[in-house]
Amino acid sequence: MTPEDVQRLRHETPACGEIAHFDNAGASLMPNAVVHAVTGHLELERKFGGYEAAARATDRLQSFYTAIASLLGAEPEEIAFAENATRAWDMAVYALPLDEGDRILTHASEYRSNYLAFLHLAKQRGIQIDLIPSDESGQVDLDAIPKLLTPRTKILALTHVPMQDGLINPAEEAGEIAKNYGLTYVLDSCQAAGQLSFDVKKIGCHILTGTGRKFLRGPRGTGFLYMEKTLAEQLDPPFVDAQSAEWTGPQTYKLMPGARRFESFERNFAGMLGLTTAVDYALAIGLKPIEDRITALSHMFREKLAELPQVRLLDQGKKKSGIVTFEGLKTDAATIAAELREQNITVSVLTENQAWLDLQDRKLPALVRASVHYFNTEDEIDHFGKTLQAI
Ligand SMILES: Cc1ncc(COP(=O)(O)O)c(C=O)c1O
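Just so it is clear, the structure is predicted and the values come from calculations on it, not from any experiment.

Student: Describe the site of the ligand, listing the residues and the values that go with them.
Tutor: Surrounding the ligand, one finds 13 residues, the nearest of these being T86, D188, Q191, T211 and K214. One nitrogen or oxygen atom from the side chain of N84 is found 3.5 Å from an oxygen atom belonging to the ligand. In isolation the ligand exposes 400 Å². Once the protein is present, 91% of that is buried. Classifying every residue of the shell around the ligand gives five nonpolar, five polar and three charged.

Printed below as a string of structure tokens:
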């Protein structure tokens, strides 16, 4: 990505002129094209009503499936739209045939709502959760998996890029293990989609979820599900509606083919179009150039923070993402975030209760998360460092 490309991309995101946005892992800034896709459809709804507006946008709405499929290296029928990633994940995981005594393998970096769902399934259905330990770098220790396997182990559930740490879990290597041991592999790629270049078929996951508002730069309230087609055809969704099933006679119904059996009838059509545009926008830039730029910026960012005596970098893992985490040695995380906000720098604060398994173990009651995207600049990182130095 050339400096001219970055300038153009910043120009297409007017907020870049107002703030230094380092909360792309929370919600990124939408480019103009995405905002126009959303407001354009709302305009259409204002003029013609929601049903007619959707009818006029049929082709574009259908292109949601091809856009997400291209992003992931999947088939369009393996894709479902969802109102958020958590709902997509829940629809898929609650559909898995898990009975009392069945076991799930996961890791301390698993996203909180996913882990909450496992706790719920443990209570509701009597499943057992086994935690894979971390290796010396902090990422999931895949070598530890064989020792944890039992005849009842059914699922391997991982978070590709955790929200509370700078690490990237080895998703593709985990896919090999899932394949070798016949496990259903569920991958939460919410923080990876739009920042890393990856392919579901290479990873070998059966289920993958993503959200619109983070590195994909789409609107809030949008998400998606990938489900490998053979698995989708075997699963019964936890509940059905007029989108996921066809009412074929007074007492009969037929599930929709593929991943669409996990969708809901009513949805935010403007949001769906906004996410389609966001994915097209990312694909036009190229996921590899995006990943390379994020890697270079976050590397520079970590080097800058490492020079500051008043902060401690917290990122773990062999391979690092655009999420940069640190704590203040003299100032608490909330105060740091508030002071940065005063200088129009946006970050997030994460607290122990958002990632108990990970942060309690590491004795971190709170941390600051600064997440970079390709539109951030070296100057913004400099400004960040200088502001932090003065706190
Ligand atoms: C790793 C990860 N998974 C899942 C989610 C949930 O996404 P959504 O809010 O779209 O349900 C998040 C959101 O922060 C996340 O960071």
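Okay, back to it.
Student: Which residues make up helix α1 (residues 3–11), and what values go with them?
Tutor: Regarding α1, the residues found buried are V6, L9 and R10. Relative to the axis of α1, the buried residues are bounded by an arc of 100 degrees and lie together on one face. For α1, exposure combined with an orientation more than 90 degrees from the buried face picks out E4 and H11. Of the surrounding elements, those touching the buried residues of α1 are α11 (269–285), α12 (287–306) and α15 (378–389).

Student: So what's going on with the sheet that holds strand β11 (residues 311–313)? Which residues, and what values?
Tutor: Ordered in space as β11-β12-β15-β14, the four strands form an open sheet in which the pairing is antiparallel. Unpaired on one side and paired on the other, β11 and β14 (348–351) mark the two borders of the sheet. Recorded for the sheet is a direction-independent mean angle of 35 degrees between the axes of neighbouring strands. Lying on the sheet, helix α13 (residues 333–342) is in contact with β12 (323–328), β14 and β15 (366–371); it crosses β15 at an angle near 35 degrees.

Student: Give me the lowdown on the sheet that holds strand β5 (residues 153–159), citing residues and values where you can.
Tutor: Across a sheet, paired strands are connected by hydrogen bonds in the backbone, their directions being either parallel or antiparallel. An order of β2-β8-β7-β6-β5-β3-β4 is seen for the seven strands of this open sheet, with the pairing classed as mixed. Each edge of the open sheet is held by one strand with a lone partner, namely β2 (79–82) and β4 (128–132). Neighbour-to-neighbour, the strand axes of the sheet open up by a mean angle of 20 degrees, direction not taken into account. Pairing of strand β7 (residues 207–211) with strand β8 (residues 223–227) involves five bridges; the strand directions are antiparallel. From the neighbouring strand, G210 faces β8, where its bridge partner is F224. Running at roughly 115 degrees to β2, helix α4 (residues 58–72) makes contact with β2, β7 and β8 of the sheet. Along the sheet, helix α5 (residues 85–93) contacts β2, β6 (184–188), β7 and β8; its crossing angle with β7, the most-contacted strand, is approximately 165 degrees.

Student: With reference to specific residues and values, describe the packing of helix α2 (residues 32–48) against α11.
Tutor: Between α2 and α11, the shortest axis-to-axis distance is 8 Å and the interhelical angle comes to 155 degrees. Judged by the angle between their axes, α2 and α11 are roughly antiparallel. Pair α2 / α11 crosses with right-handed handedness. Across the interface between the two elements, A33, V34, A37, V38, H41, L42 and E45 from α2 touch F269, A270, L273, G274, T277, A278 and Y281 from α11. Classifying every residue of the contact of α2 with α11 by side-chain character gives ten nonpolar, three polar and one charged.

Student: Describe α13, and please don't skip the residues or the numbers.
Tutor: Of the residues making up α13, those classed as buried are A333, I336, A337 and L340. Buried positions in α13, seen along its axis, are confined to an arc of 95 degrees and lie on one side of it. Taken together, the buried residues of α13 touch β12, β13 (345–346), β14, β15 and α15. Looking at where α13 begins, the residue whose side-chain oxygen comes 3.2 Å from the main-chain nitrogen of A334 is D332. Positive phi shows up at N344, right after α13, with a value of about 60 degrees.

Student: Summarise the pattern of salt bridges; cite the residues concerned and give the values.
Tutor: Scanning the entire structure with this criterion turns up 22 salt bridges. For D358, the salt bridge is made with R362, and the minimal N-O distance between the two is 3.3 Å. For D358, a relative accessible area of 7% translates into the label buried. When salt bridges with common partners are traced through the structure, they connect D102, R152 and K154 into a single cluster.

Student: A description of unusual backbone geometry should follow, citing residues and the corresponding values.
Tutor: In the Ramachandran plot, R217 falls in the positive-phi region, its phi being about 65 degrees despite a non-glycine side chain. If you trace the backbone, R217 turns up in the loop between β7 and β8. Given the relative accessible area of 2%, R217 is considered buried. Its identity is not glycine, yet K363 carries a phi of approximately 55 degrees, on the positive side. Its location among the elements puts K363 in the loop between α14 (356–360) and β15.

Student: For a nonpolar patch on the surface, give the residues involved together with the corresponding values.
Tutor: On the surface, a cluster of nonpolar side chains totalling about 400 Å² of accessible area is made up of V240, W247 and Y253. Following the sequence through the fold, V240 ends up in the loop between α10 (229–234) and β9 (245–249). Classification of V240 by relative accessible area gives partly exposed; the value is 41%.

Student: Go over the environment of F384, please, and point to the residues and values.
Tutor: By the element assignment, F384 lies in helix α15. A sequence separation of 83 residues divides F384 from F301, and the C-alpha atoms of the two residues are 9.0 Å apart. With sequence-adjacent residues up to four places away left out, F384 is seen in contact with F22, F301, L305, F326, L340, I345, V347 and A370.

About the thresholds
- Residues numbered from 1 in each chain as written.
- Predicted model: local features only at pLDDT ≥ 70, side-chain atom pairs only at ≥ 80, totals over all residues.
- Heavy atoms only, no water.
- Near = heavy atom within 4 Å.
- Polar contact = N/O pair within 3.5 Å; in protein donor to acceptor, adjacent residues only side chain to side chain.
- Areas by Shrake-Rupley, 256 points an atom, 1.4 Å probe, with all protein chains shown as cover.
- Nonpolar A, V, L, I, M, F, W, Y, C, P; charged D, E, K, R; others polar.
- Buried < 20%, exposed > 50% of the residue type's maximum accessible area, 1.4 Å probe, protein only.
- Helix = DSSP H or I, 4+ residues; strand = E, 2+ residues; numbered from the N terminus.
- Arc of directions from axis to C-beta.
- Contact = heavy atoms within 4.5 Å.
- Pairing = 2+ DSSP bridges.
- Axes fitted to C-alpha atoms, helices over the stretch in contact; angles between N-to-C directions.
- Parallel < 35°, antiparallel > 145°, perpendicular 65-115°, else oblique.
- Left-handed = near helix turned anticlockwise from the far one by under 90°.
- Salt bridge = Lys/Arg side-chain N within 4 Å of Asp/Glu carboxyl O.
- Patch = residues over 30% accessible without salt bridge, like charges linked within 9 Å, V, L, I, M, F, W, Y side chains within 5 Å.

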